[in-house]
Amino acid sequence: MHELGVVFHVIKMVEEVAEENDLTEVQSVTLQLGEVSTVIESYLQDVWKWAVKNRSQHMQEAKLIVEKIPAITFCEDCMQEYGTVEHGKICPHCGSEHTYLLQGNEFMIKEIEGQ
């Protein structure tokens, strides 16, 4: 379960931002999580609850908000976009394998709300 390491990294980054901006408390952190990022949201939420209480100075009650980013693939042959999870690497429009992921593997901090 790599979600624990991911959460520790996010906490470290948010703590640095809190220090730099003289925040005394962080109320929420919004993450953007790609549909095929390999991070499992339910594990992330469970680990978050424990980690902020035990590993954070500014985030004791911070809520984790996760925004899902759908996985979209682009076909270079027919120039169409399609859902990656539903169809994989092969284009459902023309059958081509000349495709690449446009979005959906992101894991980014979008917003930190604090005071």
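Structure report, in brief. (Residues numbered from 1 in each chain as written. Predicted model: local features only at pLDDT ≥ 70, side-chain atom pairs only at ≥ 80, totals over all residues. Heavy atoms only, no water.)

## Structural notes on the pattern of salt bridges
Within the structure shown, the criterion is met by 2 salt bridges. Notably, a salt bridge pairs glutamate 41 with lysine 68, separated by 3.8 Å at the nearest N-O pair. Here glutamate 41 is found in helix H2 (residues 41-55), whereas its partner lysine 68 is found in strand E2 (residues 63-69), with 27 residues between them in sequence. For glutamate 41, a relative accessible area of 24% gives the class partly exposed. The exposed category is assigned to lysine 68, whose relative accessible area is 54%. (Salt bridge = Lys/Arg side-chain N within 4 Å of Asp/Glu carboxyl O. Helix = DSSP H or I, 4+ residues; strand = E, 2+ residues; numbered from the N terminus. Buried < 20%, exposed > 50% of the residue type's maximum accessible area, 1.4 Å probe, protein only.)

## Section: the sheet that holds E2
Ordered by their spatial adjacency, 3 strands build an open sheet running E2-E1-E6, and the pairing between neighbours is mixed. For this open sheet the edge positions go to E2 and strand E6 (107-114), each flanked by a neighbour on one side alone. In this sheet, adjacent strand axes meet at a mean angle of 20 degrees when their direction is disregarded. Pairing analysis gives 7 bridges linking strand E1 (residues 26-34) to E2, with the strands arranged parallel. Within E2, the residue paired with threonine 30 across the bridge is isoleucine 65. Contacts from helix H1 (residues 3-20) reach E1 and E6 within the one sheet, and its direction differs from that of E6 by about 45 degrees. Of the strands in this sheet, E1, E2 and E6 are in contact with H2, which crosses E2 at around 165 degrees. (Pairing = 2+ DSSP bridges. Axes fitted to C-alpha atoms, helices over the stretch in contact; angles between N-to-C directions. Contact = heavy atoms within 4.5 Å.)

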